[in-house]
Amino acid sequence: MNYYYYPGCTLKTKAKALDASARAAAECLGVTLTEVPEWQCCGAVYPMAQDEVAARLSAVRALLAAREAGVPLVTLCSACHHVIKRVNADMAKNPDLRQKAANYLGLSTPYAGETKVLHYLEVLKNDVGFETIKQQVKHPLTGQKIGAYYGCLLLRPADVMQFDDPESPTMLEDLLRALGAAPVDYDQKNECCAGYLSLTDPAAASRRTRAILTSAREAGAEALVTACPLCQYNLSRHSGGSLPVYYVTELLEAALKGGNGHA
Amino acid sequence: MPETTRETVLRISGTNTRKCMLCGKCSGSCPAYDAMDYRPHQFVAMVERGEIAPLLQSKSLYACMSCFACVERCPRGVQPASLIEALRAMVLREREHTRLPAQLIPELIDAGTPQQAVVSAFRKLSK
Amino acid sequence: MQKIGVFVCWCGSNIAGTVDVGRVVEAVRQEPGVAFAADYQYMCSDSGQNLIKSAVKEHGLTGIVVCSCSPRMHEATFKKTAAAAGLNPYMVEIANIREHCSWIHKNMEEATEKAIVLARAAIAKVLKDAPLTSGTTEVTKRALVIGGGIAGIQTALDIAEAGFAVDIVEKQPTIGGRMAQLDKTFPTLDCSACILTPKMVDAGANENIELFTYSEVESVKGFVGNFTVTIRKKARSVRADLCTGCGECTEKCPSRKTKNEFNMGMDTRGAIYIPYAQAVPKIAVIDREHCLHFKTGKCGLCERTCSAKAIDFAQEDELVTRNYGAIVMATGFQMIDPSGFGEFGYGKSKDVLTSLEFERLMNAAGPTGGHLVCPSDGRHPKHIVFIQCVGSRDTSGCGKPYCSKICCMYTAKHAILVRDKYPDVSVTVFYIDVRTPGKNFDEFYRRAVEEYGVQYVKGMVGKVTREGGRLKVQGSDLLNDRQLHLEADMVVLAAAIEPDPTARSVASMLTASIDTNGFMTEAHPKLRPVESPTAGVFLSGVCQGPKDIPETVAQASACAAKVIGLLCKQKLVNNACVASSDPLLCNGCSSCEKVCPYGAITYEERELNDKGVRRTARVAVVNEAVCQGCGACTVACPSGAMDLKGFTNQQIMAEVDAICR
C-alpha cells in the first residue's frame, strides 16, 4: 500500500504529534507514506470564490505530483484534506479553472482531477480495514469513553467530500471501537468549533467550543479525538483540561504500540 | 469600491439565488447567527434583489465560520456561504480593506496557535 | 395514381407564430402526388374539418396529410373526418409541426424549413399507405384492483355496484391500507377507522368482490379487455375457510418480539397475528420468519390452541390465474425514512417521530392506548415541535422535489388534537409555507392558530439535539428575525410521502409508465387523469400523485367510472396497424416470437408455393386480435419477413428519403 503523503504546514510545526503518530501507525499497518516532494502550503481555506485561481495552485501542484507518481494522495489535516479534495473536484469539473491553472503552471496536459485524494482515515477504513486494525491492536483502549469530533471540513459539503454521512458520521467511532474504546455519541460532533475565527473573535470560539464540550461531556465522554489541529487547539484551549482532546492517530499509535501517555 | 452588481456576486460565488424557496434552514443552521447583522438567508434574498452595497458593509462577512452547514442543509442547493465568501472577496480585493494587517498577528497568537489558524485567517481577512 | 391533400393548421399562433404556414402550403404544392393544399386557423374545428371533407370530395383525394399538433392530440379527430368524407381512415398522416417544430424553435426561417421537411416526409408516407380495416375483440367482464387501501376499496366497490366482478389483490394480510393507521381525519376530525371500516366490511361482503389478501401479482400478460394475470396467494399457514378470527392463537404465541407494522414498529406482535381488530378478512396469519415452529421445528402452540383446527403449517403458496378486462393500480404510498436528514435526529432519539408514528401514538388502538407519552421514557410531554417539509420540496438528493400535499393539513390536525386533549402541552409548528387549498382547509388551519393557540413559526429547523434528557430545536424564525433555541420533549417530522415501492415492479409488468418520482403517469395530466397511457390500465389514489383522502376517494370513483365504461363495451375495435409476416421470406428463426410482449406470434408448418416450387416450412403467424402493433418483431426479424401495417419498412424508408432529400 503506497501513497503520496501531504502533511501540510501545521503538522510540521505545532501539530508534530499528529504527523509523528500517523507515520508510526502507518508503518505498523504496512502503509507506506512517501512525503510529496517540495510541497507547499495548501492555503488552509478552500477558495470558494470561483474566480480565485492562484489560491488553488499549490493544491494542484501536490495533486500533479501524485498524478505523475501514479499513486493516491493521502492527507491528514482536515483543512489540507478539504482544500485538496475540493480543488481536485474543481479541476475535474470546471474546465475554466482547469485551463487557467494549466496556464499558470505551464502545463501541456492540464490537470483534470486524475489523482485520487484520500484522507488518512479513509486509507485505514477502506484499504487497511478496521477489522485488520482490530486484530493488530496490542493495547486496547478498553473502557475508554471517547467522543469523536469531526468538525466541518471533513464532512461538508458531502457531495464533494464524500467522507461520511455529514449529519451522522460514524467513521471515527468505528475506528475507536476497533481500538477497543467505547465511543460516545453526541450531537455536536459535526458542529463548527469556530475555526479560524478563534484568532480574531476568541469569544465566538469560546461559545462554540463550550457547546461542543458540554454536549460531549453530557453524553459521557471523558476525552475527545479529532484529526484537525485547529479543532484540537480550539477545543483544548477552552476545555480547561477537563476533557483532553487527542489526535485520533495518537490513540491509534498507542493502541498498536502502547507507551503513549494516554494509554 | 468594487463593482456592486448582482451578476458579479453570482459569478464569483457560482451560486444561483433563484433556487431559494425562503425556508430559512440556512439561518436555522448557522452557528454564527447571533454575531451577524445580515443573516445567511438575507444574503440570498438581498443578492437576488441586487441590494449589494449594504452587504459589503456587513459584519457578517467576518462572522461566518465557513462551516458549510448552510450549504449542506439547504434543500435547494443554494450556497449562502459562497455568497458571503464572494462578497468578502470583493471587499478585500480593494487593498485598503484588509482586515488583518500582518503586524497585528503577534498579539493574536499564543504558543499553541497552529499555523492553520494564522494562514486561514490571512486567507479570509487580508489580501 | 394517388391524389393527396395537405392541410396546414395555424393552431392560432401556436404554429403560425413561428412557422410561415403560407410558405409551407406553397412548398408542398410542388410535391409529387399533391393535388390540393391549404392552410387554416384551426384545422380541428368544425369548419376546419369541413374544409378537409369538401376538399376530399371536390378534388377526389385518395389520402390526406394534416400538418398540425401531435398525433396523440388529434389523429383520431382527423381519421374520423376522413372516414366521414368516405376515405379509409388509415389514409391519413399527421405531420407534427407543433410539438416537434414550432414550440421548440424560435427562428421562423428555420422552423418553416423544418415544417416543410416534416410535411414532405408525411406525404412520402401517405403515398405508400394502404387502406386497413380493424378487427374486434371481446372484453372480459372482470376487473383487477391492485392495492386494497381506501383507493382500491372505493374503486372496487363502485365497479362491483355497477354489476361487474372485481378482485382486489393486497400484499398485506388485511385490506385497509394507510387510512386504517390514521387516527382522525382532517378537516372534520372524524375517526378514520369509523369511516373506513364500514367500507372494508362492504368490500369483504360484496358478492361481486373477491379479496386476495396476503397476495401479490406474479405476472401479467395480454392487453386491454383481455389481460391474463397470475396472482400469488402467499401461504398464511392458516386455513381461511376454518379460521374464525377469534384471536386465541395470537395471544398464546410465545414469539413476541416482532415489530408490529400496524403501529409503525412502536410495539411488538406475535409470529401468528391478526393485524388489527377490524381487519378484513379477519383471519390470522403466521409470519414464518419469526415463528418458532418454522425456525426450530418446535412449538406448535397455536395449532394446539386453535379449536377450529385452522392452523396448517404445511400450507403452500398458491398461484391463481384469471382473466381481466381492466386493471387498476391502487398501490398507494409510504413515508420516506427521514434518517437521511440526520440533522433532525430521527433514529438518534426515540422522541423524534415521523407523523405516521405520531398518528399511531395518538390512536386509542396504538402502542400506548392513545396516551401521548414520550417514547424514550414514557413521560408526559410539555412541548411538542412539528417540522414540516421534511424531505419535500427538496432537491438536495435525500428528499423529493415535489410538495407532498397532505402534510400541512395533517400537521394542523395533529396540533389541534394535542391541544384539544392536553391543553397543558404547548405546540410549535415550523413551516415554510402553509398550503391549505381545499374545502374548509384554511379555516381548519386558522382554528389551530386562533382557537387552539398553536405557535406557527415561519422558518425551518436547522438541527435537533439531545440535551439534558430533552430535545433542543435550533431553527429560524424568519418573521421575527431571530434564531430560536427551543426545548422540546418530542419532535414530529412531517416526512415526504413517496409511492409504495411495489408500484415500480407492478408498473413494469403492466408496461405502464412511471415518472421520475416513481408516480404512475396519466394518459393526459388534465384530460385523462385516471387512465394510464397503457390501454386498459387505470390509476386510483396516491400511486398517481400525492392526495388526501377526499381527493383519493374522488379519483377512485372516477377511475371506477372509466373501468365500468370499458367493461360495458361488448367489443373493442382493434388497432389495424398490426404486424404481418411474409411466409416466403420467413426463415423460421423464432426471433419475433421471443420479443413479442403480447404472445401474438406463433409458428406453424405451412405448405408454400415459392415461385412455383412447393415446399413446407415452419413460419411465423401473427394473431391480429392479439397484436398491439408495437413493432418489436419487425426490428427483431433478421430476414425482413415481418412488417407492420401502416408503418411498413418501405414507408419508413420513404419518410427518411424525403427528409434527406
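Residues numbered from 1 in each chain as written. Chains lettered and ligands numbered in written order. Predicted model: local features only at pLDDT ≥ 70, side-chain atom pairs only at ≥ 80, totals over all residues. Heavy atoms only, no water.

J.: Go over the domain arrangement of chain A with me, naming the residues and quoting the values.
T.: Residue and element names in this part refer to chain A. The domain boundaries assigned to chain A delineate domain 1 (2-120) and domain 2 (136-257). Spacing between the C-alpha centres of domain 1 and domain 2 amounts to 23 Å. Every contact between the two is made by 22 residues of domain 1 and, on the other side, 18 residues of domain 2. Contact between domain 1 and domain 2 buries roughly 1,800 Å² in total, counting both sides, with carbon and sulfur atoms accounting for 75%. Area buried by domain 1 at its contact with domain 2 is led by Leu18, Ser78 and His82, which between them contribute 26% of it. One can count zero salt bridges joining domain 1 with domain 2. Taken together, the connections running from domain 1 to domain 2 amount to five residue pairs in polar contact (both at pLDDT 80 or more). Those elements that provide at least two residues to the side of domain 1 that touches domain 2 are α1 (9-12), α2 (16-28) and α4 (78-93). (Domains from an automatic or database assignment. Contact = heavy atoms within 4.5 Å. Buried area = accessible area lost by both parts, 1.4 Å probe. Salt bridge = Lys/Arg side-chain N within 4 Å of Asp/Glu carboxyl O. Polar contact = N/O pair within 3.5 Å; in protein donor to acceptor, adjacent residues only side chain to side chain. Helix = DSSP H or I, 4+ residues; strand = E, 2+ residues; numbered from the N terminus.)

J.: Tell me about the interface of chain B and chain C, and name the residues and values.
T.: Each partner contributes residues to the interface: chain B has 18 residues there, and chain C has 22 residues. Of the roughly 1,500 Å² buried at the junction of chain B and chain C (both faces included), carbon and sulfur atoms supply 45%. Here chain B is connected to chain C by two salt bridges. In this structure, Glu343(C) and Lys25(B) form a salt bridge, with 2.6 Å as the shortest nitrogen-oxygen distance. Taken together, chain B and chain C are joined by 14 residue pairs in polar contact (both at pLDDT 80 or more). Among the secondary structure elements, those contributing two or more residues to the side of chain B that touches chain C are α2 (25-29) and α3 (40-49) of chain B. Of the residues forming the side of chain B that touches chain C, the biggest block, four residues, is contributed by α2(B). Looking at the side of chain B that touches chain C, its residues break down into seven nonpolar, seven polar and four charged. (Nonpolar A, V, L, I, M, F, W, Y, C, P; charged D, E, K, R; others polar.)

J.: Go over the pattern of salt bridges, please, and point to the residues and values.
T.: Two side chains carrying opposite charge are able to pair once their charged atoms lie near each other. All names here are of chain C. Within this structure, the stated rule accounts for 67 salt bridges over all chains. Note that Glu210 is salt-bridged to Arg322, the shortest N-O span being 3.0 Å. You can see Glu210 sitting in strand β10 (residues 209-212) and its partner Arg322 sitting in strand β17 (residues 318-324), a full 112 residues away along the chain. Classification of Glu210 by relative accessible area gives partly exposed; the value is 32%. (Buried < 20%, exposed > 50% of the residue type's maximum accessible area, 1.4 Å probe, protein only.)

J.: Please provide a residue-by-residue account of the domain arrangement of chain C, values included.
T.: Assigned domains of chain C: these are domain 1 (4-127), domain 2 (142-234 + 317-332 + 500-568), domain 3 (248-305), domain 4 (334-498) and domain 5 (579-645). A straight line from the C-alpha centre of domain 3 of chain C to that of domain 5 of chain C covers 55 Å.

J.: Talk me through empty space enclosed by the protein; I want residue IDs and the actual numbers.
T.: Under the criterion given, the structure shown has ten cavities of 30 Å³ or more. Taken as a whole, the largest cavity holds about 280 Å³ of empty space. As for the largest cavity, its lining consists of 26 residues, of which Leu153(A), Gly195(A), Tyr196(A), Met65(B) and Ser66(B) are closest to the centre. Residue assignment for the lining of the largest cavity shows that the elements contributing at least two residues are α4 and α12 (229-239) of chain A together with α8 (115-125) of chain B. Considering only residue class, the lining of the largest cavity consists of 18 nonpolar, seven polar and one charged. The computed volume of the second largest cavity comes to approximately 140 Å³. Listing elements by their share of the lining of the second largest cavity, those giving two or more residues are α2 and α3 of chain B. (1 Å grid on protein atoms, 1.4 Å probe; cavity = no way out; pocket = protein on both sides within 12 Å on 5 of 7 lines; lining within 4 Å. Points joined across faces, edges and corners; volume = space filled by probe spheres on them.)

J.: Account for the interface of chain B and chain A, with residues named and values stated.
T.: Contacts between chain B and chain A engage 41 residues on the former and 44 residues on the latter. There are five salt bridges connecting chain B and chain A. Note that Arg237(A) is salt-bridged to Asp110(B), the shortest N-O span being 3.5 Å. Here chain B is connected to chain A by 15 residue pairs in polar contact (both at pLDDT 80 or more). Elements that contribute at least two residues to the side of chain B that touches chain A include exactly α1 (6-13), α5 (69-73), α6 (80-92), α7 (105-108) and α8 of chain B. Of the residues forming the side of chain B that touches chain A, the biggest block, ten residues, is contributed by α8(B). For the side of chain B that touches chain A, the per-class residue count stands at 22 nonpolar, nine polar and ten charged.

J.: Lay out the nonpolar core with the relevant residues and their values.
T.: Judged by nonpolar contacts, the single largest core of 79 residues is most densely connected at Tyr120(A) and Ile133(A). It is helix α3 (residues 57-69) of chain A that provides the largest number of residues to this core, a total of seven residues. The residues touching Ile133(A), leaving out its near neighbours within four places in the chain, are Leu29(A), Leu124(A), Val128(A), Leu175(A), Leu179(A), Leu252(A) and Leu256(A). Counting 67 residues, the second largest nonpolar core, distinct from the first, contains Leu356(C), Phe430(C), Leu486(C) and Val492(C). (Core = buried A, V, L, I, M, F, W, Y, C linked by side-chain atoms within 4.5 Å.)

J.: Go over the environment of Lys3(C) with me, naming the residues and quoting the values.
T.: Residues and elements named next belong to chain C. Relative to the helices and strands, Lys3 is located in the segment before β1 (4-9). For the pair Lys3 and His59, spaced 56 residues apart in sequence, the C-alpha to C-alpha distance is 8.0 Å. Ignoring sequence-local partners within four residues, the contact set of Lys3 consists of Gly33, Ala35, His59, Gly60, Leu61, Thr62 and Gly63.

J.: Quick rundown of α8(B)? Include the residues and the values.
T.: Gln116(B), Ala117(B), Val118(B), Ser120(B), Ala121(B), Lys124(B) and Leu125(B) are the residues of α8(B) that are buried. Here the buried face of α8(B) lies against α1, α4, α10 (197-200) and α12 of chain A together with α6 and α7 of chain B.

J.: Got a sec to walk through the packing of aromatic side chains? Specific residues and values, please.
T.: Under the definition given, this model contains ten aromatic pairs over all chains. Consider the rings of Phe262(C) and Tyr276(C), whose centres lie 4.2 Å apart with planes at 25 degrees: the pair is stacked. Here Tyr276(C) lies in the loop between β15 (272-273) and β16 (285-286) and Phe262(C) lies in the loop between β13 (258-259) and β14 (268-269), a separation of 14 residues in the sequence. In this structure Phe262(C) comes out as buried when scored by relative accessible area, which is 11%. By relative accessible area, which is 10% here, Tyr276(C) ends up buried. Here Tyr431(C) and Tyr456(C) contribute two aromatic rings whose centre-to-centre distance is 5.9 Å and whose plane-to-plane angle is 55 degrees, an arrangement assigned as tilted. Here Tyr431(C) is found in strand β22 (residues 426-431), whereas its partner Tyr456(C) is found in strand β23 (residues 455-458), with 25 residues between them in sequence. The same class applies to Tyr431(C) as to Tyr456(C), namely buried. Grouped by ring-pair contacts, the aromatic residues Tyr431(C), Tyr445(C) and Tyr456(C) constitute a single cluster. Taking NZ or CZ as reference, Arg86(A) lies 4.9 Å from the ring centre of Phe68(B), over its face. Taking NZ or CZ as reference, Arg99(B) lies 3.6 Å from the ring centre of Tyr62(B), over its face. (Phe/Tyr/Trp six-rings, centres within 6.5 Å; stacked < 30°, edge-to-face > 60°. Lys NZ or Arg CZ within 6 Å of the ring centre and 35° of its normal.)

J.: Which residues make up the state of the cysteines, and what values go with them?
T.: All names here are of chain C. Counting across every chain of the model gives one disulfide over all chains. Disulfide partner of Cys191: Cys194, at an S-S distance of 2.5 Å. Disulfide Cys191-Cys194: torsion about the S-S bond near 85 degrees, hence right-handed. (Disulfide = S-S within 2.5 Å.)

J.: Tell me about the sheet that holds strand β20 (residues 352-354) of chain C, and please be specific about residues and values.
T.: Residues and elements named next belong to chain C. Taken in spatial order, the five strands make up an open sheet running β20-β27-β21-β22-β23, and their pairing is parallel. At either end of the open sheet lies a strand with only one pairing partner, and these are β20 and β23. Taking each pair of neighbouring strands and ignoring which way they run, the sheet shows an average axis angle of 20 degrees. Relative to strand β27 (residues 490-495), strand β21 (residues 383-390) runs parallel, the two sharing five bridges. (Pairing = 2+ DSSP bridges. Axes fitted to C-alpha atoms, helices over the stretch in contact; angles between N-to-C directions.)

J.: Can you lay out the packing of helix α11 (residues 355-362) of chain C against helix α12 (residues 407-421) of chain C for me, pointing to particular residues and giving the numbers?
T.: Residues and elements named next belong to chain C. The geometry of α11 relative to α12 is characterised by a closest axis approach of 11 Å and an angle of 30 degrees between their N-to-C directions. Accordingly, the angle class assigned to the pair α11 and α12 is roughly parallel. The two elements α11 and α12 cross, and the hand of that crossing is left-handed. Side by side, α11 and α12 meet where Ser355, Phe358, Glu359 and Met362 of the first sit next to Tyr410, Lys413, His414, Leu417, Val418 and Lys421 of the second. When its residues are assigned to classes, the contact of α11 with α12 shows five nonpolar, two polar and three charged. (Parallel < 35°, antiparallel > 145°, perpendicular 65-115°, else oblique. Left-handed = near helix turned anticlockwise from the far one by under 90°.)

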